[in-house]
Each structure stands twice: as structure tokens, then as C-alpha cells.
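These are the residues of each chain, in order.
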Amino acid sequence: MKTPFPFSAIVGQAEMKQAMILTAVDPGIGGVLVFGDRGTGKSTAVRALAALLPPIRAVESCPVNSQKTADCPEWAELGSKKIVMRPTPVIDLPLGATEDRVVGALDIERALTRGEKAFEPGLLARANRGYLYIDEVNLLEDHIVDLLLDVAQSGENVVEREGLSIRHPARFVLVGSGNPEEGELRPQLLDRFGLSVEVRSPGDIDERVEVIRRRHAFETDVEAFMQTWEPQDAEVRDTILKARKRLAKIQTPDEILNDCARLCIALGSDGLRGELTLLRTARALAAWQGNRRLTRAHLAAIAPSALSHRLRRDPLDEAGSGARVTRIVSEVLG
Amino acid sequence: MSDDPDSWDRAALAIGLLLFDPVFAGGLHLRMRAGPARDRILDALSPLAARRIHPTISDDQLFGGLDLGATLKSGHIIDNKGILDTAQVVILSMAERCSTGLAARLAARTDRAVTPVIIALDEGAEPDETLPPALSGRLALYLSPEGRMPAGWAPVPAGTEPFDPADVTIAAEQIDALTTLAARFGIDNLRAPTMAVRLARCHAAFSGRSMVTDDDLGAAAALVYPQRATTFPEEPAAEDDTPPPPPENAPDDSGSDGQPDTLPDGDLLVDAVRALLPADLLAGLVPAGTVARASGNGAGKARKGNRRGRPLPSRPGRLDGRARIDLVATLRAAAPWQPLRRQAQPDTPGLLIRPGDIRVRRYEEMSDRLLIFAVDASGSAAVSRLNEAKGAVELLLAQAYAARDHVALISFRGSGAELMLPPTRSLVQTKRRLAGLPGGGGTPLAAGLEQAAGLAEQSRARGLTPTVVLLTDGRANIALDGAPDRAAAAADALQMAAVLRARGTSALVIDMSNRPQEALRTLAGHLNAPYLALPRANAERLTGAVSAALDA
């Protein structure tokens, strides 16, 4: 297996990187959707994120990465109950994965060879307390989308099939990437992502050259390259940990809540999810930047990624929704 | 690029490189029909000892999994190794039929591991009948040799003292040159220059050099860039007068580094690649190998699915990781044989189940609907009609996801019909294609219907359910052969309508003339289609009418 590319060494794409970091500060934001051209480092960033995230404490043999033995689901046959540190799980959900593989199913092997009824956990179990990454999320088959919507909503995976009745926690940050040229994403799923960012190939030739140079340096001497970038990755990791601690203490003035509401009303975004995400992300940003108090500047900085995918789509509107959000943000917040 | 002996030279070089070091060469997308020429290429590749896979391969075979037969026989679990775990090189045959799911899984694999190297054999005939871009974008080499294979064709052998590609050094300016070059040809995907850099190193090693030279850059650029290019770079002459931003940077960089020879070299590279560009690039078409697959066909393609829809009786089948077992039916199938099998295997505990007992569930799946808009863009149907149709297409698309709809747009005007928008669910792509759709000329109604029928057939083969929505004022005046003859035009139109109907394609006729046309009502009768008179529609009304007629 290849070593993942270091997160800090990704050239540009600041918005995408920031969005991913903010979900690491507050997983409750609910994920990131990265839409854009091919070859812009979407997958690279997600795989890099996995290596960057702080490790979690988990019961060694628990199929759902529970923190304490008491949290382990009763159907799990626990081997070692030791608490170990392990990397935050980042699980790939491949397109065309079967329902059985995603939610888990009867363990056919054991059923047929030993006549035992046992549950074989799926990808959702493994992603618990971590990230679930879907490349080309807009091409995901509908029935898998339906499953994800259900589980992402409740944070619990319920399996009722082949005589099994099983439930287990499945809280994960959803990260999706895709290319809008190949199909639209269903609004319900779109809404489930906390943030959305658009990535483009860098237009600047120097930036492109830098991308290729770093890629080349990485490929020719992985170890040296990792050593060069490890201190910076470590710094990001430390800042994430500090921001997590700070998060609960961020002050949220009433006028900022008011601003949030006015912004969402002005944009006509559906439901309250927009406001909640806006607030959460702004707080995560403040924590990440080391501020104690939420300000309008935080709101304005993250409003496009928190709201642009929640607007009612006007197919005849040529301007992108990101531009619409920016315009209205400057109108409302002055 | 028809009948291009150079393309065979390039193929010989590419295959030489693949044989030399498949990992550094970075995989191959070979787009040509099966035949003696392709067999010759595959023979040449045979030293790679590649495993062959096909688009319908199961996950079990690819990634490994339970060996059901052996497991049941032995009574304990026996796993199979997956092809991807054991093979160095895999050949994906019939790559044009590769599903996006398989492409994504293979692409993810190539991102994470060095092997296997993928060689995709693409026999696609239509431009959009090709390997999904997720995978083709990750294969460095693209070959589509044209014309006759030269006698005695053979891959280029490696130099007498080949070098290890991993030890080849490439100068920073050379990396810059390749990156700049990609930008000048409008290649936005940064994987392309990354692969070109690797390929240049591979080519240098292949030629027995430890340093990359201009030759290697030229070879790498010629092998990686042409099929990915989306624009022609500015003419060199124009460059000298008013340098456009991207080319300007390259000379600047090299100048400051004291490498004056990179400047002409850059242009040499441009010329080398330009000479290989597909001829239709000027027409604004994206070349075949790179075209984004038009239909967002991620979902619900198969008619006989095994996931959703109306359940069908279970059938004997293999557990391949995709199918769901029907346990009850499996046990029922195994039950009668228990005493007999017990005699043969008295010591094995539990039920005695054989692979042949396995029953898998099947469901009949609803396939996605494709709305083919055939729009009259003639002079008689005012150009505004076209705008209404465009608006309707976009509106329908915007609400299409839940209805599992795809849309396509055919416009007919002048002497023929044209596919303006291949089946898609992408609003982004639709907007781009619909901008600046021309109008004017005669009304070749029959040609429009013919094109619609062809598209309907094609899409049906892909598992979509096509419906043709015909928008016209009905004044057909161009016959199928392109001649202006009102009577023949009407007769041809009726005949095409009969063809459509005979193939069971549902349709909807929308009359957009100011006064309802009797001829169109007749045509609708021949199509067995609802007829709707809708003078002075707008996009919303049209959308409403289409939705209502379809749901009725």
C-alpha cells in the first residue's frame, strides 16, 4: 500500500482543506461535499486527512470502535477488551458496494459451515466514530443513498434481514466527492452534508507546477518527503486538538444568532439545518483560529460552504449558488 | 488521424515501455476494435502475463472472498485470493461496458496501491461508449492506432543497457515544461502532467539514460497529452507578438534559471503534441477517449436487479458478493437430499449443503426513464420555441432525480437532425450544451424522428426506458434524404413514426403552431402518442404539460 500524501503538502485548495479540518474540530458539522474537476486532489485530501487526524481510544476487538466496553453492541463477540489507541477510521464506500457490505448482513460463511446465526458487520460499523468517504457520490446507487440518509439521520444502523435483528451506533462524518458533469446529487443527500466546497484546477501555472513538483518529490523519495512535511502535519493535528478543547467555551453573542437567522431567511434556505450548520461551523472556525468569541467575520467566512448547497436550485440562474451566497452575505452583514 | 502509420509507431513505443516497466508506464487505455491487429498488440503484451478480467466480474473474484464450494465441502471456511491481490497486470476486456461502480473500485485501487497495472481494452464504437472517465483519467497511455498495421510491427525493444526508472532524475525545469505544456493544451486534470513526468523518466530509463532529456519529454508528452487536450495552444507566431499568460510563464521561468534552451524546446513539444491532436478538436468536440460520459448513469441500469423492485422467484445462483441469498429457498432445496448426503458424510455436523442448493434473490427493477426531446428548430417554428424547449429540458432535469429521469435533446433544422445533448442527468453539462443552440432553415421532421428512434434504441440497450417528446409546428418540408419535398417529407415522417411505434417507444407530440395542425394529430395517431396543442407555451407550462402527460 502506498503511503498517503501529507495533508499539509497539498497545494492550494484552501477552502477544501479548511472544511475538512473544521469537521475534525467538530464532527457534528456533518460532513463535507467536495465537488469539482477531476485530478484536483479530492481523493488525495481525504486519504491525507486520515493520516492527519488524532487517534481515538477504542476497545481493541469492538467492531464499531466503541470507546468503552460498556458501549459495545451486545451481538459483538468481544475478544480482547483492551483499550487501544487507533487511527480515526476513514472508510471508503466504493460505488457499487452491495447493501450487505454497507449495513452488514448474516455471516453466510458461519451460517452455512457451522449452522450459527451471526452478524457480519458492514462498512457503516467500521466507520463509526470516524469518516465515511464516498468518491463519485453523485453516481451512488439510489438504494445505497437511501440507506445512508437513514443512518446518517439517526446515527444508528438497524439491520433486519435473514432473521437477524441487529442495531449498532453508526455516527460518522460523511465526506463525498464528485464531478457535477456526471449527474446531480439528490437534494436530500445534498442537505445531509454540512459543508460543500467546489474545487477547481488551479488556473495559476506556478501553482500547477508546484503541485506536480511536490507529487514528483513524493513519488521519488517518500520517506524524505514525509519527513519534510511531518512537522507541519503535526502542527495541524495539535491545533485541531486544542480547538476541540476550546470549542465548548466559544461565546456566541445574541446578535450573531440573529445574523444567522437573517442570513438564512434572506437566502430562503430550506429548513433549519442551514442555520444550525452555519452556527456550528462558525464556532468550529473560531476555535480553530484561536478566538474566544464568535464574530460576523466567522459567519461570513464560512457562509458559502455552509449554505450554498441548501438553496433552492434555480436551473435558469447562470450564476453559481456560491456567488449568490457571497452577495447576500455582504448585503445582510454589511 | 485516419490511416496514420505514426500511430503504430507510437503504439510500438508505448507497448515497449509497458513491457519494460508497467508500473512506471502507468497503464494503458487501448481503444480499437477486436481483430487481427489488436490480437497482434495483445500478443506483444503477453510477456506481462496479465490476468484478464471482464466488466461483469464479481467482487469476490476481484478482491477475494469465500470459496463456497470448497468451504461447504470441507466444513470450514476457505477463502479465495482476489485477482487484484495476486496479479501484477490486469487486462480489462470490453472496457466500454465497464460500469461506473467497477471503474470507481479499480480507480480507488490504483490510487492506493502500485499494482496491478490496468490495461483496458475499449471496443467502443460511439464517442460516449467508452471507459468511464474515473478510470481512463488514471491510465497514462492511450492508444487508438488507425489504419493498417505496418508489416512486421513489433514493440520497440528497450535499449541495450536499460536503467532503473526509479533512479532516473528529472530536472525541475523539465517538470515545469511538462506542466506548462499540459496547461497550454487545456488539460486541467493534474494527473496528466504527473503521469507524463513518470513516463518521461520511464522513457529515459528505457533508452539507457539516467537523466531525462528533451527526447524523453517529447515522447512522454506525445503519449499522454493528445487525447486529453481540450484546446489548441495559440499559434507560435501569435505568441511572439502577444504572449498569452500560460506560455509566457514558461520562457520566464527557464530564462531566470539560465536555461535558454527550454524556450525553443517548449515549442518543439507543442508542435509534437499538436501534430497528434484529433482533427475534430477544432470543432469544439472533446476527443473520444476523454469524453465525460454523458449519462449520469449511476443508478438503476439493470432490468433484472437483485436489490429492489418487485421480487421474482429465487433462482439457483452463486454467492458472488453481489447477490443476496434466499436462505429459506436454499434450505428447501437442500432438505430432500439430507439422508442421502448423510450416508456419504456421516461425520459432518449440521446440514449438508452443496453449492448447487444455493438460491439467490432476484428483483425486477424499474429502469430509469429517458426523455428524448426532439425539437423543431426550423425557421417556421420560431426560434423562441427552441428556447422554451431548452428551458423545459432544464426544468425537468432540475426535478428529475426523484423521478429517475434522464433527458436528451435532438434538434432538427435545415436538412437534418442533430443530437444536441446526449442522455444526461447533469444540469451543469446541459447548461453548457444548450447555450447558443442555433435555429433556422427547413423542417426535416422525419430526420428528427429517425435520430430519436436511434437514440431510443441505444438507450434501451443501456437499460433506460426512452420516451420521445416531439415539439414541432408540424410543417414538415424536408424529406428523409434531405430534399425539399413537402409530400415526401410528410410520408417519411409517418413512416418513421410507424418505426418508432413498432419498437414500442412511447411518445408525446406537442403541437406548437398557432393553430392546431391536423397533420400532427395524424402523426400522433401513428405514434400511438398523446397529442397536445400548446401554442405560445413557456418553459413552465411546457414542463407541466410533459409531466402531466407522462404521469397520466
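Rules of the game
- Residues numbered from 1 in each chain as written.
- Chains lettered and ligands numbered in written order.
- Predicted model: local features only at pLDDT ≥ 70, side-chain atom pairs only at ≥ 80, totals over all residues.
- Heavy atoms only, no water.
- Domains from an automatic or database assignment.
- Contact = heavy atoms within 4.5 Å.
- Buried area = accessible area lost by both parts, 1.4 Å probe.
- Phe/Tyr/Trp six-rings, centres within 6.5 Å; stacked < 30°, edge-to-face > 60°.
- Helix = DSSP H or I, 4+ residues; strand = E, 2+ residues; numbered from the N terminus.
- Buried < 20%, exposed > 50% of the residue type's maximum accessible area, 1.4 Å probe, protein only.
- Pairing = 2+ DSSP bridges.
- Axes fitted to C-alpha atoms, helices over the stretch in contact; angles between N-to-C directions.
- Right-handed = clockwise from strand over helix to strand, strands pointing away.
- Salt bridge = Lys/Arg side-chain N within 4 Å of Asp/Glu carboxyl O.
- Polar contact = N/O pair within 3.5 Å; in protein donor to acceptor, adjacent residues only side chain to side chain.
- Core = buried A, V, L, I, M, F, W, Y, C linked by side-chain atoms within 4.5 Å.

Draft legend 1. Region of interest: the domain arrangement of chain A. Residue and element names in this part refer to chain A. Domain annotation of chain A identifies domain 1 (7–199) and domain 2 (254–333). Placing a centre on the C-alpha atoms of domain 1 and another on those of domain 2 gives a separation of 26 Å. In this assembly, 18 residues from domain 1 lie in contact with 15 residues from domain 2. Of the roughly 1500 Å² buried between domain 1 and domain 2, counting both surfaces, carbon and sulfur atoms make up 54%.

Draft legend 2. Region of interest: the packing of aromatic side chains. Residues and elements named next belong to chain A. For the structure shown, the criterion picks out 7 aromatic pairs over all chains. Plain terms: the ring middles of F5 and F225 are 5.5 Å apart, the flat faces sit at 35° to each other, and that makes the pair tilted. Here the residue F5 occupies a position in the segment before α1 (14–25), and F225 occupies one in helix α9 (residues 222–247), the gap between them amounting to 220 residues. Look at F225 and you get buried, because its relative accessible area is 7%.

Draft legend 3. The sheet that holds strand β4 (residues 90–92) of chain A, seen in detail. Residues and elements named next belong to chain A. Spatially, the 5 strands line up as an open sheet ordered β4-β7-β10-β1-β11, and their pairing is parallel. With one partner strand each, in any of the chains shown, β4 and β11 (195–199) form the two edges of the open sheet. The sheet shows a mean angle of 20° between the axes of neighbouring strands, direction not considered. Across the sheet, helix α2 (residues 42–52) touches β1 (32–36), β4, β7 (130–134), β10 (172–178) and β11, and the angle it forms with β7 is around 165°.

Draft legend 4. Region of interest: the pairing of strand β5 (residues 89–92) of chain B. Residues and elements named next belong to chain B. Residues V89 and I91 point to one face of β5 and V90 and L92 to the other, with burial holding for every one of them. Of the pairings in the sheet, the one linking β5 to strand β6 (residues 117–122) comprises 4 bridges and is parallel in character. Across the sheet, L92 pairs through a bridge with A120, a residue of β6. Between β5 and its parallel partner β6, the chain crosses via helix α7 (residues 100–112), and the hand of that crossover is right-handed.

Draft legend 5. Inspection of the interface of chain B and chain A at higher detail. Each partner contributes residues to the interface: chain B has 70 residues there, and chain A has 55 residues. Counting each side, the surface lost to burial between chain B and chain A is near 5700 Å², with a carbon and sulfur contribution of 58%. Inspection of the chain B/chain A interface yields 4 salt bridges. Put simply, A:R208 and B:D188 hold a salt bridge, and the shortest N to O gap is 2.8 Å. Counting across the chain B and chain A interface gives 6 residue pairs in polar contact (both at pLDDT 80 or more). Of all the elements in the fold, those that place two or more residues in the side of chain B that touches chain A are α5 (68–74), α7, α8 (133–136), α9 (172–184), α10 (191–206), α13 (245–256), α17 (383–398) and α19 (427–434) of chain B.

Draft legend 6. Here's a closer look at the pattern of salt bridges. Counted according to the given criterion, the structure contains 23 salt bridges over all chains. Where A:E210 meets A:R214, a salt bridge forms, and the shortest distance between an N and an O atom there is 3.1 Å. Placement of both A:E210 and A:R214 in helix α8 (residues 205–220) is noted, with a separation of 4 residues, approximately one turn of the helix. For A:E210, a relative accessible area of 31% translates into the label partly exposed. Residue classification places A:R214 among the buried positions, given a relative accessible area of 18%. The partner of B:D111 in a salt bridge is B:R138, and the shortest N-O contact between them spans 2.9 Å. Of this pair, B:D111 sits in helix α7 while B:R138 sits in the loop between α8 and β7 (141–143), placing them 27 residues apart in sequence. Residue class for B:D111 comes out partly exposed when judged on its relative accessible area of 24%.

Draft legend 7. Structural context of the sheet that holds strand β12 (residues 416–424) of chain B. Residues and elements named next belong to chain B. Pairing in this open sheet of 6 strands is mixed, and the strands run β12-β11-β10-β13-β14-β15 from one edge to the other. On the outer flanks of this sheet lie β12 and β15 (531–533), each paired with one strand and no other. The mean inter-strand angle of the sheet, taken between neighbouring strand axes irrespective of direction, is 15°. With 7 bridges connecting them, strand β10 (residues 369–376) and strand β13 (residues 465–472) associate as parallel partners. From the neighbouring strand, V375 faces β13, where its bridge partner is L471. Most of the contacts of helix α20 (residues 445–461) go to β12, to which it runs at about 30°, and overall it touches β10, β11 (405–413), β12 and β13.

Draft legend 8. Main features of the nonpolar core. Counting 59 residues, the largest nonpolar core has A:F7, A:M20, A:L278 and A:L307 as the members making the most contacts within it. Looking at this core, you find at least three residues from each of domain 1 (7–199) and domain 2 (254–333) of chain A. Setting aside anything within four residues of it in sequence, one finds A:F7 in contact with A:K17, A:M20, A:I21, A:A45, A:A48, A:L49, A:L52 and A:D233. Core analysis: the second largest hydrophobic core is formed by 56 residues, A:I212, B:A12, B:M32 and B:L199 among them.

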